[in-house]
Amino acid sequence: MSKIVNEADPVEEKIQINRNQIEHRATWMGLIYDEMRKAGVPDAEGILRRAISRCGHIHGAKFTARCLNPDDCRELEKVFIGTEGVSLGPCTFRMSNISADEDNIRNDVSYCALLAAWQKLGFDDERCALLCDIAMEGDRGIADAMGLRLDLEKSLAEGDEKCALHFHK
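Here the structure is a predicted model, which means the values were calculated and not measured.

1. Considerations on unusual backbone geometry
Item 1. One non-glycine residue, aspartate 43, adopts positive backbone phi at about 60°.
Item 2. Mapping aspartate 43 onto the fold places it in the loop between helix 1 (13–38) and helix 2 (44–65).
Item 3. For asparagine 97, which is not a glycine, the phi torsion comes out positive at approximately 50°.
Item 4. As for its position among the elements, asparagine 97 is in strand 1 (residues 95–100).

Here it is in structure tokens:
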């Protein structure tokens, strides 16, 4: 029996569309990993990690370029998480406890569309946790490109009640 709790809440149409797009991306990722493993591809996990990290670095560089002062995490938070103005990110991932100071960005996530996709594919908790950690390479790449580190202090895929992310210098 799964220990993972990852239940979607009713949301407005544009947020659901965004969640569906993220699920689609996660379905591709999960199935590519599954097929590489079945085919005996050496280092399938490493290949995915490196590719997803590269993607994160691309996005992180774009976020950093949009900041007037990229050394201040408060500015990075506004651009990355999008708390300034209307942003789909916080609603899509049901983010809460979003905070930033000069050296830190913290936020909690209580729903993950990627995890939902892997659950729908029938992957067990162990595979979901692995895929989640691989997918986090994108966030780690974003952090690195912004001159930060990322600590995942809690994880839905590990059975925690939320993901707790801490980006810091």
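2. A word on helix 6 (residues 125–145)
Item 1. The end-to-end C-alpha separation of helix 6 is 30 Å, in line with the 30 Å expected for 21 residues at 1.5 Å each.
Item 2. Maximum bend of helix 6: about 25°, positioned at glycine 138.

3. Quick look at the environment of aspartate 151
Item 1. Residue placement: aspartate 151 occurs in strand 3 (residues 149–154).
Item 2. Using a relative accessible area of 27% as the deciding quantity, one classes aspartate 151 as partly exposed.
Item 3. Counting along the chain gives 13 residues from aspartate 151 to alanine 164, while the straight-line C-alpha distance between them is 8.3 Å.
Item 4. Here aspartate 151 is in contact with Ala164, Leu165, His166 and His168, once residues within four sequence places are set aside.

4. Notes on the state of the cysteines
Item 1. Evaluated as defined, the whole model comprises zero disulfides.
Item 2. The thiol sulfur of cysteine 112 is not disulfide-bonded, and the nearest other cysteine sulfur, from cysteine 132, lies at 6.2 Å.
Item 3. On the accessibility criterion, cysteine 112 (13% relative accessible area) is buried.
Item 4. No disulfide involves cysteine 132; its nearest neighbouring cysteine sulfur is the one of cysteine 163, lying 5.4 Å away.
Item 5. Of the residues examined, cysteine 132 reaches a relative accessible area of 11% and is grouped as buried.

5. Structural notes on helix 1
Item 1. In a regular helix each residue adds 1.5 Å, so 26 residues correspond to 38 Å; helix 1 covers 37 Å between its end C-alpha atoms and thus fits that length.
Item 2. Of all the positions in helix 1, only Ile15, Asn18, Arg19, Ile22, Glu23, Ala26, Met29, Gly30, Tyr33, Asp34 and Met36 are classed as buried.
Item 3. On its buried face, helix 1 is in contact with helix 2, helix 4 (88–92), helix 5 (113–120) and helix 6.
Item 4. One or two steps after helix 1, the chain reaches glycine 40, where phi turns positive at roughly 75°.

Rules used throughout
- Residues numbered from 1 in each chain as written.
- Predicted model: local features only at pLDDT ≥ 70, side-chain atom pairs only at ≥ 80, totals over all residues.
- Heavy atoms only, no water.
- Helix = DSSP H or I, 4+ residues; strand = E, 2+ residues; numbered from the N terminus.
- Expected span 1.5 Å × (residues − 1).
- Bend = angle between axes of the 7 residues up to and from the residue.
- Buried < 20%, exposed > 50% of the residue type's maximum accessible area, 1.4 Å probe, protein only.
- Contact = heavy atoms within 4.5 Å.
- Disulfide = S-S within 2.5 Å.

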